[in-house]
Amino acid sequence: MRVVVCSIFMLVFLIAGFAQTAEELYEKSVRLNDNNSYDLALDAINKAISLDSSNVKYLELKAFVLLELHDVFEAYNTLGKALKINPNDPNVYNNRANILLSLSEFDLAISDLNTALSLEVNDTLRSILIFNRGTAKMFKMDYHDAYIDIMEAYRFSPDDIAVLLNLSTICGRLEKREEALQYLLKANEISPQDYMVLANIGFQYQKLEQYQKSNEYYDMVLKLKPNEALAYNNRAYNKYKLGLLKGALKDVNKSIALYPENSYAYRNRALIYIAMKKNKEACSDISRAIQLGFTRMYGDEVLGLRNTHCR
């Protein structure tokens, strides 16, 4: 009997010795998440939470892992649980606002960011919250208020590429093209190989009707990203405006091959066909643009083209 009792005692001792603490499981989940082993990371953080369900940072990590696994709604609910434990954590409100932004729930995102800003935050976090609120307002098409927020973020982080890109986008929407270019050219100095910056510079020059200058930047984009469909589409439009119709048609065909759901490319190809006096082909593309939702996204332009050229 003594031997049996001793064996059981030793077994319990060994199990206790190998048991991981909640913090160890958390650190393990962090490592697994960093190594893109998301299912294993989720398993580890769930075990940590089962040992300590009131730790907000465990719930935050679980939400991040769930986002990597594309389980957006469960990530949102997890952050809601974290806020029930600590309703005064601005980081959790910010993280939940980012999820709401991804779901296009802009007003709810702004509400969470306003709550976070009402709490005690340092200057760095305040700048991030202001930037995210400005981004939400930009997506909501409240460009004037978005400009105010992103300008405040810019004053704090004048060399941040994301801030410069959003600021340039908002300036473009407000028809401040030269100001938009100012921020983009600064971003290009900081990160000369950033294709998104180059593409946005090309777009602003296009809006300024400097089509050759615009294409210099789209050429650079396509050297970096040879299969960037939108760059081919915009370069095609520039060539169309410059009267280079064969080159324009070649580019827009490439764009459609890469991204056949883009209604704007069919609009551009219709314009090229109209310039080539190929109305049958143009009308086919106009119909396709309408089917793909051009009017809902961009307005009535193609309806006017149809009325003029496709009677």
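Here's a quick rundown of the structure. Not measured: the values here are computed from a predicted model.

**A word on unusual backbone geometry**
Point 1. The phi angle at M141 is positive, at roughly 70°, despite the residue not being glycine.
Point 2. For M141, the position within the fold is in the loop between α8 (123-139) and α9 (143-156).
Point 3. Exposure remark for M141: the relative accessible area of 60% places this residue in the exposed category.
Point 4. One non-glycine residue, E209, adopts positive backbone phi at about 65°.
Point 5. Within the secondary structure layout, E209 lies in the loop between α12 (195-207) and α13 (211-224).

**Details of the pattern of salt bridges**
Point 1. In this structure the tally under the stated criterion is 15 salt bridges.
Point 2. Its salt-bridge partner being R133, residue D149 comes within 2.8 Å of it at the nearest N-O pair. Note that D149 is positioned in helix α9 and R133 in helix α8, a separation of 16 residues in sequence.
Point 3. Residue R133 is classed as buried on the basis of its relative accessible area, which comes to 17%.
Point 4. A cluster of three or more residues bridged by salt bridges with shared partners is formed by D219, R235, K239 and D251.

**With respect to the nonpolar core**
Most often, soluble globular proteins have nonpolar side chains that are buried together.
Point 1. The biggest cluster of nonpolar side chains holds 39 residues, and the ones touching the most others in it are I45, A48, Y58, V65, V92 and L129.
Point 2. For this core, the elements supplying multiple residues, two or more each, are α2 (22-34), α3 (38-51), α4 (56-68), α5 (72-85), α6 (90-102), α7 (106-118) and α8.
Point 3. Dropping the residues within four chain positions of it, I45 is found in contact with Y26, S29, Y58, L61 and K62.
Point 4. Judged by nonpolar contacts, the second largest core, of 33 residues, contains M138, A180, L184 and A187.

**Remarks on the packing of α13 against helix α14 (residues 229-241)**
Point 1. Between α13 and α14, whose axes approach to 9 Å, the crossing angle comes to 155°. As the angle between them shows, α13 and α14 are arranged roughly antiparallel. The crossing of α13 and α14 is left-handed. Contact with α13, carried on its side by Y211, S214, N215, Y218, D219, V221 and L222, involves A231, Y232, N234, R235, Y237, N238, K239 and K241 of α14 and no other residues of that element.

**Overview of the layout of surface pockets**
Point 1. Its boundaries defined by the atoms lining it, the largest pocket holds a volume of some 1200 Å³.
Point 2. Lining the largest pocket are 35 residues; nearest its centre among them are R173, F203, L230, N234 and Y298.
Point 3. For the lining of the largest pocket, the secondary structure elements donating two or more residues are α8, α10 (161-173), α12, α13, α14, α16 (263-275) and α18 (294-298).
Point 4. Residue contributions to the lining of the largest pocket peak at 8 residues, all from α12.
Point 5. Considering only residue class, the lining of the largest pocket consists of 18 nonpolar, 10 polar and 7 charged.

**Side note on the packing of aromatic side chains**
Point 1. Scanning all chains against the criterion turns up 9 aromatic pairs.
Point 2. When the ring of F106 is compared with that of F139, the centres are 5.9 Å apart and the planes differ by 35°; the resulting orientation is tilted. Of this pair, F106 sits in helix α7 while F139 sits in helix α8, and the two are 33 residues apart along the sequence.
Point 3. Its relative accessible area of 44% is what places F139 among the partly exposed residues.
Point 4. Both rings, one in Y154 and one in Y183, keep their centres 5.3 Å apart while their planes meet at 70°; by these two values the pair is edge-to-face. Taken together, the residues span a long stretch of sequence, with Y154 in helix α9 and Y183 in helix α11 (residues 177-190) at a distance of 29 residues.
Point 5. Among the residues examined, Y183 registers a relative accessible area of 4% and is labelled buried.
Point 6. Above the face of the Y266 ring, R288 is positioned so that its terminal group lies 6.0 Å from the ring centre.

**Here's the deal with a nonpolar patch on the surface**
Point 1. There is a patch of nonpolar side chains on the surface, built from L230, L258 and Y259 and spanning about 240 Å² of accessible area.
Point 2. Assignment of secondary structure puts L230 in helix α14.
Point 3. You can call L230 partly exposed: its relative accessible area is 40%.

Parameters and conventions
- Residues numbered from 1 in each chain as written.
- Predicted model: local features only at pLDDT ≥ 70, side-chain atom pairs only at ≥ 80, totals over all residues.
- Heavy atoms only, no water.
- Helix = DSSP H or I, 4+ residues; strand = E, 2+ residues; numbered from the N terminus.
- Buried < 20%, exposed > 50% of the residue type's maximum accessible area, 1.4 Å probe, protein only.
- Salt bridge = Lys/Arg side-chain N within 4 Å of Asp/Glu carboxyl O.
- Core = buried A, V, L, I, M, F, W, Y, C linked by side-chain atoms within 4.5 Å.
- Contact = heavy atoms within 4.5 Å.
- Axes fitted to C-alpha atoms, helices over the stretch in contact; angles between N-to-C directions.
- Parallel < 35°, antiparallel > 145°, perpendicular 65-115°, else oblique.
- Left-handed = near helix turned anticlockwise from the far one by under 90°.
- 1 Å grid on protein atoms, 1.4 Å probe; cavity = no way out; pocket = protein on both sides within 12 Å on 5 of 7 lines; lining within 4 Å.
- Points joined across faces, edges and corners; volume = space filled by probe spheres on them.
- Nonpolar A, V, L, I, M, F, W, Y, C, P; charged D, E, K, R; others polar.
- Phe/Tyr/Trp six-rings, centres within 6.5 Å; stacked < 30°, edge-to-face > 60°.
- Lys NZ or Arg CZ within 6 Å of the ring centre and 35° of its normal.
- Patch = residues over 30% accessible without salt bridge, like charges linked within 9 Å, V, L, I, M, F, W, Y side chains within 5 Å.
- Areas by Shrake-Rupley, 256 points an atom, 1.4 Å probe, with all protein chains shown as cover.

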